[in-house]
Amino acid sequence: MSSENSFDIVSKLDLQEMNNAINQAEKEIATRFDFKGSKSSISLEKEELVVISDDDFKLQNVLDILQSKMAKRGISLKNLEFGKVEPAAGSTVRQRIKVKQGIDQDNAKKINVLIRDSKLKVKSQIQGDQIRVTGKSKDDLQQVMALLRKADLSLDLQFINFR
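On a predicted model such as this, the values are computed, not experimentally measured, just so you know.

Draft legend 1. Quick peek at the packing of helix H1 (residues 15–31) against helix H2 (residues 56–72). Direction vectors running N to C along H1 and H2 enclose 135 degrees, while the axes themselves pass 9 Å from each other. Of the possible angle classes, the one that applies to H1 and H2 is oblique. Relative to H2, the crossing made by H1 is right-handed. Across the interface between the two elements, Met 18, Ala 21, Ile 22, Gln 24, Ala 25, Glu 28 and Ile 29 from H1 touch Val 62, Ile 65, Leu 66, Lys 69 and Met 70 from H2.

Draft legend 2. Spotlight on the nonpolar core. Judged by nonpolar contacts, the single largest core of 21 residues is most densely connected at Met 18, Ile 42, Leu 49, Val 51, Leu 66, Met 70 and Leu 80. Secondary structure elements with two or more residues in this core: H1, strand S3 (48–53), H2 and strand S5 (92–99). The leading source of residues in this core is H2, at six residues. Sequence-distant contacts of Leu 80, defined by excluding residues within four places in its chain, comprise Met 18, Leu 49, Met 70, Ile 97, Lys 98, Val 99 and Lys 100. In this structure, Val 133, Met 145, Leu 155 and Phe 159 belong to the second largest nonpolar core, which totals 18 residues.

Draft legend 3. View of the sheet that holds strand S2 (residues 41–45). Taking strand neighbours across the sheet as the criterion, the four strands line up as S2-S3-S5-S4 in an open arrangement whose pairing is antiparallel. The sheet is open, and its two borders are formed by S2 and strand S4 (80–88), each paired with just one other strand. The mean inter-strand angle of the sheet, taken between neighbouring strand axes irrespective of direction, is 20 degrees. Where S4 and S5 come together, seven bridges link them in antiparallel fashion. Looking at S5, one finds that Glu 86 is bridged to Arg 94.

Draft legend 4. Structural detail: the environment of Gly 83. Within the secondary structure, Gly 83 is located in strand S4. C-alpha separation for the pair Gly 83 and Val 50, spaced 33 residues apart in sequence, amounts to 9.9 Å. Apart from the residues lying within four places of it in its own chain, the contact partners of Gly 83 are Gln 95 and Arg 96.

Draft legend 5. Representation of the pattern of salt bridges. Under the counting rule described, the total for this entry stands at nine salt bridges. Residues Glu 28 and Arg 32 are paired through a salt bridge, measuring 3.4 Å at the closest nitrogen-oxygen approach. Accessibility expressed as a relative area gives 24% for Glu 28, which makes it partly exposed. Salt-bridge contacts for Glu 86 lead to Arg 94; the nearest nitrogen and oxygen are separated by 3.1 Å.

Draft legend 6. Representation of the sheet that holds strand S1 (residues 5–10) within the structure. In space, the four strands of this open sheet follow the order S6-S7-S1-S8, with antiparallel pairing throughout. Single-partner strands in this sheet number two, and they are strand S6 (122–127) and strand S8 (158–160). Going across the sheet, the axis of each strand differs from the next one's by a mean of 25 degrees, ignoring polarity. Helix H3 (residues 105–117) contacts S1, S6 and strand S7 (130–135) of the sheet and is inclined by roughly 175 degrees relative to S6.

Draft legend 7. Highlighting helix H4 (residues 138–150). Here H4 spans 19 Å end to end across 13 residues, near enough to the 18 Å set by a 1.5 Å rise per residue. Regarding H4, the residues found buried are Asp 140, Leu 141, Val 144, Met 145 and Leu 148. All buried residues of H4 lie within an arc of 145 degrees about the axis, which places them on one face of the element. Of the exposed residues in H4, those oriented more than 90 degrees away from the buried face are Asp 139, Arg 149 and Lys 150. Elements that come into contact with the buried residues of H4 comprise S1, H3, S6, S7 and S8.

Conventions adopted
Residues numbered from 1 in each chain as written. Predicted model: local features only at pLDDT ≥ 70, side-chain atom pairs only at ≥ 80, totals over all residues. Heavy atoms only, no water. Axes fitted to C-alpha atoms, helices over the stretch in contact; angles between N-to-C directions. Helix = DSSP H or I, 4+ residues; strand = E, 2+ residues; numbered from the N terminus. Parallel < 35°, antiparallel > 145°, perpendicular 65-115°, else oblique. Left-handed = near helix turned anticlockwise from the far one by under 90°. Contact = heavy atoms within 4.5 Å. Core = buried A, V, L, I, M, F, W, Y, C linked by side-chain atoms within 4.5 Å. Buried < 20%, exposed > 50% of the residue type's maximum accessible area, 1.4 Å probe, protein only. Pairing = 2+ DSSP bridges. Salt bridge = Lys/Arg side-chain N within 4 Å of Asp/Glu carboxyl O. Expected span 1.5 Å × (residues − 1). Arc of directions from axis to C-beta.

Purely spatial values, then, with no claim about function.
Take a look at the structure:
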């Protein structure tokens with residue numbers, strides 16, 4: 001009896017950790033001297049971060065603070081898609097940052113091609129916003145994980161349900 005081993009490839013962002021990073025960044029902005037009297041704020045609206053500040057320079061500083069807090073909490077910056085800076089009300093500037101969840105079709109196809117080209121004895125199939133990889137050898141599955149970690153993909157991958 002041959003047993004099949006499998007795991008799922010997903011790209012998810014822990015929204016609770018994201019909220020914690022935003023709260024820490026807001027606290028630092030409130031206490032920093034260079035932000036005294038500034039209209040700087042960060043908010044998470046559904047699948048989008050909205051960063052508002054007085055000017056481009058302060059907006060960049062707010063983003064630096066946010067990114068450092070995210071990095072300390074283990075949140076990958078690959079899951080963020082930065083929009084362009086636009087003028088907002090009250091002579092401020094705003095930047096919308098899309099939070100990517102799941103693996104889109106283009107990246108799923110790239111991952112499938114990478115796995116297929118590796119010549120390992122595994123099968124991969126796209127299931128919605130995740131990819132299931134199956135094979136007889138656990139070593140082959142671990143080689144696929146190592147291959148994907150080394151690949152320069154535009155999103156942060158996690159490997160779950162290893163059986």
